[in-house]
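Fold and geometry: a report
Single-letter residue listing:
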Amino acid sequence: MGSHPDHLPTPTTPAGQEGLAAILARPDRAVVALDFDGTLADIVPDPEQARAHPGAVPALAALAPRVASVAVITGRPADVAVRYGGFAGVPGLDHLVVLGHYGAERWDAVSGTVHAPAPHPGVAAVRAELPGVLHEVDTWHGSWVEEKGQAVAVHTRRAEDPQAAFESLRDPLGRLAARHGLIVEPGRLVLELRPPGMDKGVALAEYVRETDAESVLYAGDDLGDLAAYATVEKLRTEGPDGIPGLLICSGSAEVPELAERADLLLPGPADVVGFLSALAQRL
């Protein structure tokens, strides 16, 4: 689809078709919500090198003025997503919202500021104990730790056997997190230790209520996006008519749990960007 930006694909499910139809019929009451890594940006071995697809900002800038709101919902700190996405100061993205740390942080383009809670004390405790826990696991070599401010993530993509390292670390990291009041958020060869109480589903539900949206699109690629999927599925059933929604899965090979629930499968960020461009053109 990336080579045909004027082509708007048809969702494969009736619910997805209804969601897209609602967005096209009343775009001014539609929220478009998107994950960052794996959806707007390609997955790379070093997350610090991730950047939005070159067509992402132009596509969002074309789409945003035509819908009620565009929100990026990510596990990254909000300011990092803004920087890696190139979202600040872009004409057309004047009212973009970035909900970072699964919605715990918020950046608004209109003010250019980030609102964030005080750090959870368990994050500092986990950070201090993490090296000792990792060294007790034989397969951890090659894994590395990403500091995320309000969370800590362990990546296994560079390990000799990335999946084996991922599986062997799940239990010890789960116990470490639990000792300090945190939870473990699994992703694509990454385990993130973060505070409980907020996820992408909660963040999306609150934002849909805030904007009084009548339809919603959500695009994601990872296990952390399942909560947002569940929110869209719930919104569809609320009230007499529900809130129609379209669920898009970017790159389905690594996360079949997401692909099985999606209304539309796209191979990766280039195709998500192509879809957004086509949607903007249609509107």
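So, a few notes on the structure that sits alongside this text.

The rules behind these values
- Residues numbered from 1 in each chain as written.
- Predicted model: local features only at pLDDT ≥ 70, side-chain atom pairs only at ≥ 80, totals over all residues.
- Heavy atoms only, no water.
- Helix = DSSP H or I, 4+ residues; strand = E, 2+ residues; numbered from the N terminus.
- Buried < 20%, exposed > 50% of the residue type's maximum accessible area, 1.4 Å probe, protein only.
- Pairing = 2+ DSSP bridges.
- Axes fitted to C-alpha atoms, helices over the stretch in contact; angles between N-to-C directions.
- Contact = heavy atoms within 4.5 Å.
- 1 Å grid on protein atoms, 1.4 Å probe; cavity = no way out; pocket = protein on both sides within 12 Å on 5 of 7 lines; lining within 4 Å.
- Points joined across faces, edges and corners; volume = space filled by probe spheres on them.
- Nonpolar A, V, L, I, M, F, W, Y, C, P; charged D, E, K, R; others polar.
- Expected span 1.5 Å × (residues − 1).
- Salt bridge = Lys/Arg side-chain N within 4 Å of Asp/Glu carboxyl O.
- Core = buried A, V, L, I, M, F, W, Y, C linked by side-chain atoms within 4.5 Å.

1. Some points on unusual backbone geometry
Here the phi dihedral of His 101 falls at roughly 50 degrees; this positive angle occurs in a residue that is not glycine. Along the polypeptide, His 101 turns up in the loop between β3 (97–100) and β4 (105–108). What makes His 101 buried here is its relative accessible area of 6%. If you check the backbone angles, Tyr 102 has positive phi at about 65 degrees while not being a glycine. Mapped onto the fold, Tyr 102 is located in the loop between β3 and β4. Taking relative accessible area as the criterion, Tyr 102 reaches 7% and is therefore assigned buried.

2. Considering the sheet that holds β3
On the basis of which strands lie adjacent, the open sheet formed by eight strands has the order β5-β4-β3-β2-β1-β10-β11-β12 and mixed pairing. Of all the strands in the sheet, the pair left with one neighbour each is β5 (113–115) and β12 (264–266). This sheet shows a mean twist of 20 degrees between the axes of neighbouring strands, independent of strand direction. As paired strands, strand β2 (residues 69–73) and β3 are joined by three bridges and run parallel to one another. Of the residues in β3, the one forming a bridge with Ala 71 is Val 97. Taken strand by strand, helix α7 (residues 226–235) contacts β10 (215–220) and β11 (245–250), and its axis lies near 160 degrees from that of β11.

3. Quick look at empty space enclosed by the protein
One way to see where empty space is left: roll a probe the size of a water molecule over the atoms. A complete count under the given rule lists one cavity of 30 Å³ or more for this structure. Of the voids in this model, the largest cavity is the one considered here, and its volume is about 450 Å³. For the lining of the largest cavity, the per-class residue count stands at nine nonpolar, five polar and 14 charged.

4. Some details on the layout of surface pockets
Taken as a whole, the largest pocket encloses approximately 190 Å³ of empty space. Residue contributions to the lining of the largest pocket peak at four residues, all from helix α5 (residues 162–179). Looking at the lining of the largest pocket residue by residue, the classes come out as four nonpolar, two polar and five charged.

5. Brief notes about helix α9 (residues 269–282)
Over its 14 residues, α9 extends 20 Å from the first C-alpha to the last, a length consistent with the 20 Å expected when each residue adds 1.5 Å. Buried residues dominate α9, accounting for eleven of its 14 residues. Buried within α9 are the following residues: Pro 269, Asp 271, Val 272, Val 273, Gly 274, Phe 275, Leu 276, Ser 277, Ala 278, Leu 279 and Ala 280.

6. Here we look at the pattern of salt bridges
Where charged atoms of side chains with opposite charge meet at close range, the side chains can pair. Tallying each qualifying case throughout the model produces 18 salt bridges. Between Asp 46 and Arg 158 there is a salt bridge, with its nearest N and O atoms 3.7 Å apart. With Asp 46 in the loop between β1 (30–34) and α2 (56–63) and Arg 158 in the loop between β7 (152–155) and α5, this residue pair connects regions lying 112 residues apart in the sequence. When its relative accessible area of 19% is taken as the criterion, Asp 46 is described as buried.

7. Re the nonpolar core
Grouped together as the largest cluster of nonpolar side chains are 44 residues, with contacts concentrated most on Phe 87, Leu 217, Phe 275 and Leu 276. In terms of residue count, the dominant contributor to this core is α9 (seven residues). Leaving out residues up to four positions away in the same chain, Leu 276 has contacts with Val 32, Leu 34, Leu 40, Ala 59, Leu 60 and Leu 63. Judged by nonpolar contacts, the second largest core, of 26 residues, contains Val 31, Tyr 102, Leu 204 and Val 208.

8. Quick look at the sheet that holds strand β6 (residues 144–147)
Spatially, the four strands line up as an open sheet ordered β6-β7-β9-β8, and their pairing is antiparallel. Whereas interior strands pair on both sides, the edge strands pair on one side only; in this sheet they are β6 and β8 (183–186). If you compare each strand with its neighbour and ignore which way they point, the axes differ by 25 degrees on average. Strand direction decides the pairing type here: β8 and strand β9 (residues 190–194), joined by four bridges, are antiparallel. The residue bridging Ile 183 from the neighbouring strand is Arg 194, located in β9. Its contacts with the sheet place helix α4 (residues 121–135) against β6, β7 and β9, and it is angled at close to 25 degrees to β7. Across the sheet, α5 is in contact with β7, β8 and β9; its angle to β9 comes to roughly 5 degrees.

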